[in-house]
Amino acid sequence: MSVTWTRRKRSLQRFWADYRGHKAGVVGLAVLLVAVLLALIAPLFIDAGVTNVVRGTGEKLAPPSWDAPLGTDESGRSVLLMVWWGSRTSLLIGFLAALLSMVIGTVLGIVAGHFRGWIGAVVLRVTDWFLVLPSLVTALVLAAILGGSTTTIIVAIGVTSWPSTARLIRAQTLAVEARPYIERSTALGGGHWHITTRHVLPNVAPLLLASTTLEVASAIVTESTLAFLGISANKTSWGTMLRGSYDWGAATSGAWWYILVPGLCIVTVVMAFTLCGRALETVLNPRLRSAR
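Because the structure is predicted, anything quoted here is derived from the model rather than measured.

Caption draft 1: Seen up close, a nonpolar patch on the surface. Judged by side-chain polarity, Leu-92, Phe-95, Leu-96, Leu-99, Val-103 and Val-107 come together as a nonpolar surface patch covering roughly 500 Å² of accessible area. Of note, Val-103 is situated in helix 3 (residues 79–114).

Caption draft 2: Inspection of the confidence of the model for the protein at higher detail. This prediction gives the protein a mean pLDDT of 84; 96% of its residues lie at or above 70. Within the protein, the element-level pLDDT minimum falls on helix 13 (residues 286–291), averaging 53, and the maximum on helix 2 (residues 23–45), averaging 92.

Caption draft 3: Structural context of the packing of aromatic side chains. Applying the stated rule across the entire model yields seven aromatic pairs. Between Trp-129 and Phe-130, the aromatic rings sit 5.1 Å apart at their centres with planes inclined by 85°, giving edge-to-face as the arrangement. For Phe-130, a relative accessible area of 22% corresponds to the partly exposed category. Following the ring pairs from residue to residue traces out a cluster consisting of Trp-129, Phe-130 and Trp-162.

Caption draft 4: Region of interest: the packing of helix 3 against helix 6 (residues 150–158). Direction vectors running N to C along helix 3 and helix 6 enclose 45°, while the axes themselves pass 8 Å from each other. On the basis of the axis angle, helix 3 is oblique to helix 6. In the crossing of helix 3 with helix 6, the sense of the turn from one axis to the other is right-handed. Taking contact as the criterion, the partners of Leu-92, Ile-93, Leu-96, Ala-97, Leu-100, Ser-101 and Ile-104 in helix 3 are, on helix 6, Thr-150, Ile-153, Ile-154, Val-155, Ile-157 and Gly-158. Here the contact of helix 3 with helix 6 is built from residues that sort into ten nonpolar, three polar and no charged.

Conventions and cut-offs
- Residues numbered from 1 in each chain as written.
- Predicted model: local features only at pLDDT ≥ 70, side-chain atom pairs only at ≥ 80, totals over all residues.
- Heavy atoms only, no water.
- Patch = residues over 30% accessible without salt bridge, like charges linked within 9 Å, V, L, I, M, F, W, Y side chains within 5 Å.
- Areas by Shrake-Rupley, 256 points an atom, 1.4 Å probe, with all protein chains shown as cover.
- Salt bridge = Lys/Arg side-chain N within 4 Å of Asp/Glu carboxyl O.
- Helix = DSSP H or I, 4+ residues; strand = E, 2+ residues; numbered from the N terminus.
- pLDDT = per-residue confidence, 0-100.
- Phe/Tyr/Trp six-rings, centres within 6.5 Å; stacked < 30°, edge-to-face > 60°.
- Buried < 20%, exposed > 50% of the residue type's maximum accessible area, 1.4 Å probe, protein only.
- Axes fitted to C-alpha atoms, helices over the stretch in contact; angles between N-to-C directions.
- Parallel < 35°, antiparallel > 145°, perpendicular 65-115°, else oblique.
- Left-handed = near helix turned anticlockwise from the far one by under 90°.
- Contact = heavy atoms within 4.5 Å.
- Nonpolar A, V, L, I, M, F, W, Y, C, P; charged D, E, K, R; others polar.

Here it is in structure tokens:
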């Protein structure tokens, strides 16, 4: 057991040493840690009442001041507090929707790559069918049918964004199962469960980790888009704030802070996830690592 933990510790040390060589990835990781930490500690400093329209005490669409450093919205609520509290919803939906998408895509991708007969063919055809569907429109329809809640938004995004992951995992599964040790494992009596969980899954995990960070960024953008189109989780998020700024004519009223602040939050977090994903892909992919 001690030998195993020693090897894992050394592997983590090598991974961190390689990751630190990517300055953009380190910057992205630092931004993500700050964003997640702020979202976690938000209830310690503010409460959900900041989103209540009847508790807005400031002037409507007031510019930044000492009392409201980032201005106010149409109800006199502080944009700073709204953005801070809304980060909880945006990040939660982003993480959970990406996790659901990764689980579906990984399972179906391994199944399609491992089973070469009619099972793999059926999974591939289903994946192709979902690929040709416009994911945003499909998610919009699903969310409208299921109703507006955090769970339905997560499900709507997760079940429409898995096909690209399934294709990626299938290709990696085919590459792994072409190696000689898979044939030896099969000859020694290794079943489907043993091969997929002990050999295939550990080999696709690094690629899956890098893909997950990019999927979270995509899920956050999709949630913001759905909220802007009117399909929200009935909770304050960065997307609902952009929708509110549009409904109340913030652009024509000159209330640039109401549009700029939540928009910059979305761009910053999405860019941070993208930087982390690119860095992870370079570190975990042997071909990219050797080329670098």
